Amino acid sequence: MNVLIVGAGVVGVTTAWALVNRGHNVTVVDRLDGAALETSRANAGQRSYGYVYPWAAPDMVGKALKGLFSRYGPFKVTAPWSPHTLQFLAMSARYSLSQDCYRASHRALLELADYSRQSFLALREPAEDSFDGKHAGLMEVAGNQIESDVLRQKSHVLERLGVDHEWLSADAVRQQEPGMQGPGPVVGGLRMPQDGTGDCHRFTQALARACEARGVTFQYGTALRRWDLSGERIKGAWLQKVSGNLTPGAPTGGGRISDQDYLATDQVVLCAGCASRDLARPLGLGLPIYPVKGYSLTANVNDPSRSPLSTVVDHGYKVAMTRLGDRVRVTGFVELARFNRRIPERRLLVLREAFASRFPGAANLEQAEPWTGFRPMTPDGPPIIGWGRQENLLLNTGHGTFGWTLSAGSADIIGQLLDGETPDINLNPFRHERFRPG
C-alpha cells in the first residue's frame, strides 16, 4: 500500500519505520529542511515511561496563577491572548476540574507509555550510542516537605497502577546522583528506574536514514497545500516546495500549483504535530491542538563528577536536567504564546538558576545553546491516535511533551490499524471524537 505520512518529527519517522517494516511503500513530507527540526529538535531528552501525566492536572489553575505572578512559575501565558489561546485555556480548565477525567487520562497515558517502552526496546535501529541513549532512570527531587508530600502521593498512584518506581531518602538521592553537590535542599526523591534518556534529534535523524535505506522517500522543504478529496476518501495531495523553515500556519508562498506537484496515495497518516490543526480542518476535523512553548539550554560538560548521570527533575523549579553523553540539557516552562519564537532572557535565567542549585560547576550555561520549540498539546493531555473522518485517514498527533516517549508505541498501533489488526491497547482515550461537544 502507498502511504503518505505528513510530518518528519520523531512521531512521523517512527511511524514510517513501523510501516515500511510491514511492507508498505512510504513517502514522508515535511515543510522543514530535514527530520526532527521542530518539537524534536532540542527537547528534554527523556523517554519518561513512568513520568507521563495529563496536561489538564487538578492543580493546573493554581500553577497558572503562580506563573502569572512569579517568574519561577512553570506555567506562562503571554499577551496578547488570541481566541485560540482562550479557547484552549477554557477547555483545559474544564478537563482539569474533573478528577475522573484526570485519572482515566493518566491511566491511559501510562499504559501507552509502557507499551511504547516495549516497542522502543524492540527497535533494531538506531544504535543507542548514535544518539547518547541510556536507560538509567529518571528522578524527581523534592526540596521541602510540601514537595515531598506531593511526590509521595504520586508514588501511591504509580503503585496502584503497577508502574515500577522507588522512593528515595535524601541520602539515597545523593547516592543515586553523586554529582548533585549544589546548595538546593533535598528531602527525598521519586525515581522511575526504567526511564531512558538520549538526544531525540539525533535519534530521529538516524532513524530517518535507516528508513531511507529501507526505501522510504522523504520530501523535505515541502508544504501540503491542498487535499484531493473524493467522497469518503483522500485520493492524494498537492504539494509545494518552500524555502526556509516555515512556522505552522505561515504562508507557503504563491504561484500556480502544477500537476507535477500532485502526489496520489492509498493511505494518509497525519503526524504533523502543531501543524496538524490547520491541516485537518479541510478534512472536517477540529483538532484542538495548541503549540505549548518550551525552552532549553544545551552545554558541554566541564566536570563529569559534578554532572547528572541521567535525568533529574527539580520539583520546585519544574526544570529537567539531563545528561547526554558529554553534554547536558536543561529544559523548562510550558508557555502559551502561539508561535512566538522569541527567547526572553528571564526564561533562560531561571533554567540557569535551577541547574546551579543542583549541579554547580558541571557546565557553563552562560555559553549554552538556547532553543525554544512548540509541543503539540491537546487540552486534556492524551495524544490523538486512530482513524479520522475519511476511511483512509489515520491520526497520530498531539503528543505534547511526551512525543519521544510515546512515539514507538503509537507507531506500532498505527501499523496495526492500517493492516486491519486489533490494537494492542484500548484506543478510546485517544480518539479525536472525545472532543466533540456533548
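Quick summary incoming for the structure in this document. Numbering of residues begins from 1 in every chain and follows the order in which that chain's sequence is written. Where totals are concerned, whole chains, interfaces and linings use all residues; where local detail is concerned, this predicted model gives features only for residues with pLDDT of at least 70, and gives and counts side-chain atom pairs only at 80 or more. Computation of side-chain values covers all heavy atoms of the structure but excludes hydrogens and water.

1. Points about the packing of helix α4 (residues 99–122) against helix α10 (residues 403–418)
Here comes step 1: Across the interface, α4 lies against α10 with an axial gap of 7 Å and an inter-helix angle of 85°. Here α4 lies roughly perpendicular to α10, going by the angle between them. For the pair α4 and α10, contact is made by L109, L112, A113, Y115, S116, S119 and F120 and by W404, T405, L406, S407, A408, G409, S410, D412, I413 and Q416, respectively.
Here comes step 2: Across the contact of α4 with α10, the residue classes break down as nine nonpolar, seven polar and one charged. Every axis corresponds to a line fitted to the C-alpha atoms, with the helix fit spanning only the stretch in contact, and the corresponding angles, defined between N-to-C directions, vary from 0 to 180 degrees. The helix and strand labels rest on DSSP assignments: H or I over at least four residues marks a helix, E over at least two residues marks a strand, and numbering proceeds from the N terminus. Roughly parallel means an angle under 35 degrees; roughly antiparallel, over 145; roughly perpendicular, 65 to 115; everything else is oblique. Contact definition: two residues touch when any of their heavy atoms are within 4.5 Å. Following the grouping adopted for this structure description, the nonpolar residues are Ala, Val, Leu, Ile, Met, Phe, Trp, Tyr, Cys and Pro, the charged ones are Asp, Glu, Lys and Arg, and the polar ones are all others, Gly among them.

2. Re the pattern of salt bridges
Here comes step 1: Definition used for salt bridges: Asp or Glu carboxyl oxygen within 4 Å of a side-chain nitrogen of Lys or Arg. Under the defined criterion, the tally for this structure stands at 22 salt bridges.
Here comes step 2: With its nearest N and O atoms 2.7 Å apart, the salt bridge here joins R22 to D419. Taken as a pair, R22 in the loop between α1 (10–20) and β2 (25–29) and D419 in the segment after α10 lie far apart in primary sequence, 397 residues in all.
Here comes step 3: A 1.4 Å probe rolled over the protein chains alone gives each residue an accessible area, and that area as a share of the maximum for its type sets the label: buried under 20%, exposed over 50%, partly exposed in between. Of the residues examined, D419 reaches a relative accessible area of 32% and is grouped as partly exposed.
Here comes step 4: With a closest N to O distance of 2.8 Å, D314 and R358 form a salt bridge. Placement of the pair is D314 in strand β15 (residues 311–314) and R358 in helix α9 (residues 345–358), with a sequence separation of 44 residues.
Here comes step 5: Note on R358: relative accessible area 3%, which makes it buried.

3. Focus: unusual backbone geometry
Here comes step 1: In the segment running from A79 into P80, the intervening peptide bond is cis, with an omega of 0°.
Here comes step 2: Within the secondary structure, P80 sits in the loop between β4 (75–77) and α3 (83–96).
Here comes step 3: P126 follows E125 through a cis peptide bond whose omega is -10°.
Here comes step 4: Within the secondary structure, P126 is located in the loop between α4 and β5 (138–142).
Here comes step 5: Phi at A36 is positive, roughly 60°, even though this residue is not glycine.
Here comes step 6: For A36, the location among the structural elements is in the loop between β2 and β3 (46–47).

4. Some words on the packing of aromatic side chains
What describes a pair of aromatic rings is the distance from one ring centre to the other and the angle between the planes of the rings.
Here comes step 1: Pairing of aromatic rings covers Phe, Tyr and Trp, the last counted by its six-membered ring, and requires centre-to-centre distances within 6.5 Å; plane angles under 30 degrees mean stacked, over 60 mean edge-to-face, and any other angle means tilted. Counted by the stated rule, this structure contains 17 aromatic pairs.
Here comes step 2: Taken together, a centroid distance of 5.5 Å and an interplanar angle of 25° make the contact between F218 and Y220 stacked.
Here comes step 3: By relative accessible area, which is 22% here, Y220 ends up partly exposed.
Here comes step 4: In this structure an aromatic cluster arises from ring pairing among W55, F75, F88 and Y290.
Here comes step 5: Either the NZ atom of lysine or the CZ atom of arginine qualifies as a charge over a ring when it sits within 6 Å of the ring centre and within 35 degrees of the ring normal. Sitting over the face of the ring of W404, R47 holds its NZ or CZ atom 4.9 Å from the ring centroid.
Here comes step 6: The side chain of R347 reaches across the aromatic face of F333, ending 5.5 Å from its centre.

5. A short note on the pairing of strand β1 (residues 2–6)
Here comes step 1: Within β1, four of the five residues are buried, which leaves it mostly tucked inside the rest of the structure.
Here comes step 2: Examined bridge by bridge, β1 and β2 share five bridges and lie parallel to one another. Note on β2: the bridge partner recorded for I5 is V28.
Here comes step 3: Crossover connection from β1 via α1 to parallel β2: handedness right-handed. Any two strands are treated as partners once DSSP identifies two or more bridges connecting them. Handedness of a crossover is defined as follows: orient the strands so they point away from the viewer, and if the path from the first strand over the helix to the second runs clockwise, the crossover is right-handed.

Remember, this is a structural readout, not a statement about activity or role.
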